[in-house]
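Observations on the three-dimensional arrangement
The primary structure of each chain is shown beneath.
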Amino acid sequence: MIQTQQPKPSKIDWLTLVLYYAFVIAGLLCIYASVYKDTHPMIYDTSMNYGKQVIWIAIASFLGMLILLVDEKFFYAFSYPIYVLTILLLIAVLLLGTTVKGSSSWIEIGGFRMQPAEFAKFGTSLALARYLGGFNIKFSDRKVQYISGAMILLPMVIILLQNETGSALVFASFIFMLYREGLPGYFLFLGFMMALFGVLALVIPSLYLIIAIAVFAGLLTLMIRRNRQNLLIVAGVAILACGYVSSIGYAFENILQPHQKSRINVLLGKEVDLKGAGYNVQQSKIAIGSGGLVGKGFLEGTQNKFRFVPEQSTDFIFCTIGEEYGFVGSVLFVMLYILLLWRILVMAERQRQKFNRIYGYCVASILFFHFAINIGMTLGLLPVIGIPLPFFSYGGSSLLSFTILLFIFIRLDANRQNELRGAFE
Amino acid sequence: MDSLGKRNVLIAIFVALAIIYIIRLVFLQLVDDSYLRSAQQNVLQEQTIYPARGLIYDRKGELLVYNDAIYDLNVIPEQVKGLDTAMFCKVLGITKDDFIAKFEKMKRSVGYAPYRPGLFEKQLNIPTYAAFQEHLFDFPGFYVNVRTDRKYKFADAAHVMGYIGEVTDRDIEKSAEYYRMGDFIGISGVEKSYEEVLRGQKGVSYVLVDSKNRTQGRYKEGQFDTPAVAGQNIELSIDHQLQALGEELLKNKIGSVVAIEPSTGEILALVASPTYDPNLFVGRERGNNYMKLLRDPSKPLFNRPLAAPYPPGSIFKILMSLTGQQEGVLNPSTSYACHRGYLFVGCHPHSSPLQLRGAIAVSCNAYFCQVYRSVVNNPRYPRVENAYTSFHDHMESFGLGKKLGVDLFGEGGGLLPTSKYYDKIYGRYRWQALTTISLGIGQGELGITPLQMANATAAVANRGYWITPHIVKTIDGKKNPNPEYNNKHWTTIDTSYFPIVIEGMHDVVMAGTARIAQIPGIEICGKTGTAQNPHGKDHSVFFAFAPKDNPKIAIAVIVENAGFGATWAAPIASLMMEQYLTGKHDTRPALLDRMLKGNLTHKNDTNATTQTIKN
């Protein structure tokens with residue numbers, strides 16, 4: 001029983017589409033502002049970033065339309081091949097890629113550079129949705145956990161080998177989706193605690209932390225029922241925590257690369273390097289902070305215009321928002337972004353097919369992770385991890401991959417009234 | 001937890017993060033305004049626009065002083081981030097210690113602020129400047145400011161024009177911080193006395209710079225900028241050709257020449273010897289050159305014509321002739337006999353007795369001692385001290401014993417003792433004319449500067465008045481605005497007493513002691529002097545004016561330790577008057593040659609012998 005039903009326009013989620021275009025157009029204006037020069041005033045000048053971005057937006061729109069026209073079963077049917085294809089691309093890049101700014105994650109096609117790591121995100125999302133959405137698949141099964149874990153770790157490791165730490169970290173965001181699909185809640189808590197202790201271990205000598213953990217564990221044993229099992233759990237957790245804390249320092253010194261170390265040190269205030277790693281963050285904060293309540297106005301942001309903020313049209317695009325549109329613009333942006341994420345989660349929950357829902361959660365997780373890391377970095381709250389702000393940052397690969405990621409979900413959602421996927425399998 | 005609950009947990013996490021970020025934005029954008037300041041400091045650079053300093057011309061429109069570009073390295077300390085000190089020092093050619101020292105010096109200077117541009121290294125030479133421009137991107141916070149320094153077209157008139165140098169902390173304080181460290185200010189001469197005219201008004205320009213410190217345009221279309229106002233040009237009263245000749249003639253001699261236009265008080269030449277090349281005070285070596293000149297035992301920095309007090313000698317005889325007539329104790333036919341002197345004052349052989357005109361012509365010491373005695377012991381006054389005060393006031397009315405108020409710094413007042421002065425030495429009522437008799441011939445407790453001598457000569461030439469000598473003729477084409485320089489200072493002598501004295505001075509040149517000073521076709525009135533010098537050989541003195549009727553130039557020449565006035569001072573004065581009045585000075589080549597070649601700086605010079613008598 002094959003259905004060849006085309007989506008009716010009314011079923012497309014217009015709010016998501018409007019938000020998407022709002023972001024893309026706002027992003028284009030920010031890119032324009034950040035590289036604006038009186039000598040190149042035309043926004044479609046293709047020798048400038050914003051001119052190229054116009055082309056990318058056109059391509060992305062075309063691609064998005066294509067996705068909306070494709071039968072939604074295509075994505076289900078081709079999810080594994082797409083996953084395999086992206087993995088193969090990642091391996092190919094690792095072997096043949098062009099090195100840009102220390103990471104060998106680029107391939108050049110014609111005059112444009114592509115970053116397959118971007119495409120691995122929706123490839124992996126599709127594959128995870130297909131696998132976890134399958135019949136009789138329960139996340140509580142160990143086997144399921146291992147397989148889905150492996151599906152996430154495979155692209156992650158390859159991307160790490162490409163020296164693209166930021167993109168690799170994005171794959172950790174699937175934890176949100178996994179949580180929805182049955183990962184116990186304490187994993188989220190655990191992840192949070194690991195992050196917290198990881199940061200503390202870098203700031204505070206690990207000996208103090210170990211003492212603190214021991215004291216806390218001791219106090220805990222006084223408060224809970226002291227049976228054998230509880231004591232063992234507390235002791236085990238405490239020992240693991242101590243081990244983790246003491247390994248952080250080692251990992252920091254021996255595994256991280258110098259530029260990563262200095263980025264972290266700068267963030268923690270251990271290192272003042274206003275020329276190097278700290279310069280970006282400092283200038284980023286200055287640009288945002290100087291925006292004030294309502295900002296300096298379109299094209300009036302001096303910090304961006306005069307190149308004080310590095311990577312301003314890509315990773316630090318939020319600086320332009322902060323400087324030119326001020327607190328009002330920044331808050332509006334944050335709220336609209338959260339609105340989009342909320343909308344995606346609402347859409348995901350209304351799906352009748354597990355595949356669609358899981359994919360929707362993947363989209364939200366990835367977008368949220370990018371948002372959190374990117375904005376946190378520009379605000380000086382997180383170390384400088386070079387990942388773009390979806391829909392805003394300049395760059396073809398990132399715009400195309402996020403468009404594909406989102407539009408596949410819009411396409412799936414448009415067809416949400418269909419019967420359960422299993423019916424025709 | 002049901003599935004919607006899980007979704008809500010995720011939404012809660014999203015919202016929580018959004019709230020954290022918004023709080024952060026509140027702090028960055030609303031609470032903490034340091035970021036706004038930093039942003040302005042990032043892009044706004046306050047640039048001082050230095051106006052061109054006014055040019056200086058001589059009275060004939062000859063350019064004497066102009067400006068030349070120099071390159072100062074400035075720094076905004078706050079913007080210096082991650083400087084590669086080693087490379088920086090290499091480019092500038094300094095050591096690391098210099099680097100630290102310069103920064104320390106800057107921090108101690110008045111008006112220092114980390115956000116304010118300060119001077120780091122002054123006057124880069126051209127190759128360093130070029131090298132530095134190439135590396136400018138590597139040195140955030142540093143930039144080169146183009147300024148102008150002075151260039152002196154001729155190596156003369158140094159004491160007139162003076163020089164400029166860097167401001168001191170005191171200058172900065174006094175100027176209410178108009179000046180900044182490293183700014184130039186006039187330190188002597190016209191550069192100092194007309195500093196505010198010459199310097200103009202500094203301007204400020206706010207420019208936007210990008211992250212590489214490259215100028216990106218003006219801030220707000222320049223609405224906060226203040227344009228610089230160029231300094232005004234000055235025309236000196238100096239005649240450069242005359243000045244140059246004077247310096248040439250005084251080469252290898254120690255002395256002064258001051259020439260004044262009697263009708264206006266304009267100084268035509270102000271020659272000091274030894275002097276120095278004003279260009280020594282230009283450029284990086286300024287400081288070192290200054291120290292060298294300061295330590296030079298011949299004192300080239302000493303402004304002799306303005307400040308050096310000499311025994312006035314014969315100028316006093318002229319003034320005494322006028323005073324005597326005014327006081328009614330002398331008339332043209334008064335005659336005194338000369339017995340080779342008067343008391344302990346000697347005299348040289350000449351016919352005797354003489355009347356006033358003849359006494360001036362031969363410069364009879366005895367005659368003027370008699371005049372002095374009759375002035376001070378004048379029975380018209382109840383006491384000697386009253387008569388002396390009257391005498392003193394006459395002298396003072398010629399500008400003696402006080403500063404004249406020339407528009408140059410470093411003027412001396414000379415010395416003209418009051419009656420109180422003698423009271424102190426001898427006790428009240430315990431002195432009279434004979435006690436102070438040497439005053440009659442201009443010796444004793446007297447000091448007169450060459451400027452005062454020239455001014456008194458001008459007063460004689462004017463038949464009774466003088467105008468305060470000044471060095472600046474016009475400012476930006478307008479007559480020197482100082483009203484003082486239009487005032488006639490009348491002496492206390494009636495005009496009617498002058499002709500006989502002037503005739504005597506004419507005789508001096510025509511038939512008296514200064515025949516060597518004659519210039520065909522020009523009637524010169526002069527008087528030689530041989531000022532007794534207690535420290536060594538006598539000074540050769542000559543003062544004169546010409547032409548006799550309608551005088552155009554009054555001149556005083558003093559050549560130290562040179563003996564008779566007629567030997568050195570009179571020929572020099574004559575050559576200079578000829579130059580000024582006819583535009584030529586080479587009609588008497590032998591005389592010119594002797595003057596130019598004369599070298600009186602050697603101690604055992606035999607050219608002139610020590611004289612104890614006065615002519």
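One numbering rule holds for all chains: residues counted from 1, following each sequence as written. Chains and ligands are labelled by the order in which they are written, letters from A for the one and numbers from 1 for the other. Predicted model: local features are reported for residues with pLDDT of at least 70 only, side-chain atom pairs are reported and counted for 80 or more only, and whole-chain, interface and lining totals are derived from all residues. Hydrogens and water molecules were not included; the side-chain quantities draw on all heavy atoms of the structure.

Considering the packing of aromatic side chains
Residue and element names in this part refer to chain A. Centre distance within 6.5 Å is the pairing criterion for rings of Phe, Tyr and Trp, where only the six-membered ring of Trp is used; planes under 30 degrees apart are then read as stacked, over 60 as edge-to-face, and the remainder as tilted. Applying the stated criterion to the full structure yields 52 aromatic pairs over all chains. Ring geometry for Phe23 against Tyr337: centres 5.1 Å apart, planes inclined by 20°, an arrangement best described as stacked. Taken together, the residues span a long stretch of sequence, with Phe23 in helix H1 (residues 14-34) and Tyr337 in helix H15 (residues 317-349) at a distance of 314 residues. Per residue, the accessibility class of Phe23 equals that of Tyr337, and both read buried. Note on conventions: DSSP H or I runs of at least 4 residues are helices, E runs of at least 2 residues are strands, and numbering of each starts at the N terminus. Burial classification: accessible surface area is computed with a 1.4 Å probe over protein chains only, and a residue below 20% of its type maximum counts as buried, one above 50% as exposed, and the rest as partly exposed.

Let's talk about helix H17 (residues 396-414) of chain A
Expected span of a helix, by definition, is 1.5 Å for each gap between consecutive residues, and there is one gap fewer than residues. Its 19 residues give H17 of chain A an end-to-end C-alpha distance of 26 Å, which sits within 8% of 27 Å, the value for a rise of 1.5 Å per residue. Extensive coverage of H17 of chain A is indicated by the burial of 19 of its 19 residues.

A few points about the interface of chain B and chain A
Much of the literature gives interface size as the accessible area that the parts lose upon coming together. Contacts are residue-level and defined by heavy atoms, with any inter-residue pair within 4.5 Å sufficient. Facing the 37 residues of chain B at the interface are 49 residues of chain A. Of the roughly 3700 Å² buried at the junction of chain B and chain A (both faces included), carbon and sulfur atoms supply 74%. Per-residue buried area on chain B facing chain A is highest for Phe14, Tyr21 and Gln29 of chain B; these three make up 20% of the total on that side. Any carboxyl oxygen of Asp or Glu that lies within 4 Å of a side-chain nitrogen of Lys or Arg is treated as forming a salt bridge with it. At the boundary of chain B with chain A, the tally comes to zero salt bridges. Throughout this description, a polar contact denotes any pair of N or O atoms lying within 3.5 Å of each other; where both atoms belong to protein, one of them has to be capable of donating a hydrogen while the other can accept it, and for residues adjacent in sequence the pair is counted only when both atoms sit in side chains. Where chain B meets chain A, there are seven residue pairs in polar contact (both at pLDDT 80 or more). When contributions to the side of chain B that touches chain A are tallied by element, the ones reaching two or more residues are helix H1 (3-31), helix H2 (34-43) and strand E8 (203-209) of chain B. Under this grouping Gly is polar, as are all residues other than the nonpolar Ala, Val, Leu, Ile, Met, Phe, Trp, Tyr, Cys and Pro and the charged Asp, Glu, Lys and Arg. Here the residues of the side of chain B that touches chain A sort into 24 nonpolar, seven polar and six charged. The term buried area denotes the loss of accessible surface (1.4 Å probe radius) that occurs when two parts are joined, taken as the sum for both partners.

Observations regarding the packing of helix H5 (residues 116-132) of chain A against helix H6 (residues 142-161) of chain A
Residue and element names in this part refer to chain A. Every axis corresponds to a line fitted to the C-alpha atoms, with the helix fit spanning only the stretch in contact, and the corresponding angles, defined between N-to-C directions, vary from 0 to 180 degrees. It is at 10 Å that the axes of H5 and H6 come closest, and there the two elements cross at 170°. One element, H5, and the other, H6, form an angle in the roughly antiparallel class. Residues Ala117, Ala120, Thr124, Ala127, Leu128, Tyr131 and Leu132 of H5 form the contact with H6, whose participating residues are Lys143, Val144, Ile147, Ser148, Met151, Ile152, Pro155 and Ile159. The residue makeup of the contact of H5 with H6, split by class, is 12 nonpolar, two polar and one charged. Any angle that is under 35 degrees is reported as roughly parallel, and any over 145 degrees as roughly antiparallel; angles of 65 to 115 degrees are reported as roughly perpendicular and all others as oblique.

Regarding the sheet that holds strand E21 (residues 553-559) of chain B
Residue and element names in this part refer to chain B. Any two strands with at least two DSSP bridges between them are considered paired. Strand order across the open sheet formed by five strands is E12-E11-E21-E20-E19, with antiparallel pairing between neighbours. Sheet topology places strand E12 (266-273) and strand E19 (525-531) at the edges, where each strand pairs with a single neighbour. The average angle at which neighbouring strand axes cross in this sheet is 5°, direction not considered. The pairing of strand E11 (residues 255-261) with E21 spans six bridges and is antiparallel.

Re the pairing of strand E20 (residues 539-546) of chain B
Residues and elements named next belong to chain B. Of all the eight residues making up E20, eight are buried; the element is thus mostly covered by neighbouring parts of the structure. By the bridge criterion, seven bridges tie E19 to E20 in an arrangement that is antiparallel. Paired with Cys525 across the strands is Phe545, a residue of E20. Pairing of E20 with E21, which is carried by seven bridges, proceeds in the antiparallel orientation.

A word on a nonpolar patch on the surface
Each patch is assembled from residues with relative accessible area greater than 30% and no salt bridge, linking like charges that lie within 9 Å and nonpolar side chains (Val, Leu, Ile, Met, Phe, Trp, Tyr) that lie within 5 Å. Computed with the Shrake-Rupley method and a 1.4 Å probe, the accessible areas treat only the protein chains shown as cover for residues. Where nonpolar side chains cluster on the molecular surface, the patch consists of Leu293, Val294 and Val328 of chain A together with Val15, Ile19, Ile23, Phe27, Leu30 and Val31 of chain B and spans about 800 Å² of accessible area. Ranked by residues supplied to the nonpolar patch, first place goes to H1 of chain B with six residues. Checked against the element boundaries, Phe27 of chain B lands in helix H1.

Here we look at helix H15 (residues 365-376) of chain B
Residues and elements named next belong to chain B. Taking 1.5 Å of rise per residue, 12 residues should cover 16 Å, and H15 covers 17 Å from first to last C-alpha, within 8% of that figure. Counting buried residues along H15, 11 of its 12 residues qualify, which places the element largely inside the surrounding structure. For H15, the full list of buried residues reads Asn365, Ala366, Tyr367, Phe368, Cys369, Gln370, Val371, Tyr372, Ser374, Val375 and Val376. As for H15, its buried residues are in contact with helix H13 (315-326), strand E13 (341-342), strand E14 (345-346), helix H14 (356-362) and helix H16 (384-397).

Let's talk about the side chain of Ser205 of chain B
Residues and elements named next belong to chain B. Looking at where Ser205 falls in the secondary structure, it is placed in strand E8. With a relative accessible area of 11%, Ser205 lands in the buried category. Ignoring sequence-local partners within four residues, the contact set of Ser205 consists of Gln45, Glu46, Gln47, Ile49 and Asp225.

Regarding the packing of helix H3 (residues 85-92) of chain B against helix H5 (residues 126-135) of chain B
All names here are of chain B. Running from amino to carboxyl end, H3 crosses H5 at an angle of 150°, the nearest separation of the two axes being 9 Å. Between H3 and H5, the interaxial angle falls into the category roughly antiparallel. Listed contacts from H5 to Met87, Phe88, Val91 and Leu92 of H3 are Thr128, Ala131, Phe132 and His135. Looking at the contact of H3 with H5 residue by residue, the classes come out as six nonpolar, two polar and no charged.

What to know about the pattern of salt bridges
Per the counting criterion, the structure on display carries 29 salt bridges over all chains. Asp507 of chain B serves as the salt-bridge partner of Arg357 of chain B, at 2.5 Å between the closest nitrogen and oxygen. Here Asp507 of chain B lies in helix H19 (residues 498-510) and Arg357 of chain B lies in helix H14, a separation of 150 residues in the sequence. In the salt-bridge network here, residues are joined through shared partners; they are Asp13, Arg343, Arg350 and Asp413 of chain A.

As for the confidence of the model for chain A
pLDDT runs from 0 to 100 and stands for how confident the predictor is about each residue. With 83% of its residues at a pLDDT of at least 70, chain A reaches an overall mean of 82. Across residues 420-425 of chain A the pLDDT falls below 50, and counting only partners more than four positions away or on other chains, this stretch makes 11 contacts in the model.

What about the nonpolar core?
Among the nonpolar cores identified, the biggest contains 133 residues, and Val190, Leu236, Phe398 and Val460 of chain B are the most heavily contacted of them. In contact with Val190 of chain B, not counting residues within four places along its chain, are Ile56, Val160, Met161, Gly162, Glu195, Leu198, Ile234, Leu236, Leu408, Ile471 and Val472 of chain B. What we call a nonpolar core is a set of buried Ala, Val, Leu, Ile, Met, Phe, Trp, Tyr and Cys residues that are connected through their side-chain atoms within 4.5 Å. Within the second largest apolar cluster, 124 residues are counted, among which are Phe75, Leu345, Ile375 and Ile408 of chain A.

Brief notes about the side chain of Glu195 of chain B
Residue and element names in this part refer to chain B. With respect to the helices and strands, the residue Glu195 is situated in helix H9 (residues 195-199). Residue class for Glu195 comes out buried when judged on its relative accessible area of 7%. The contacts of Glu195, once residues within four sequence positions are left out, are Arg53, Tyr179, Phe184, Ile185, Gly186 and Val190.

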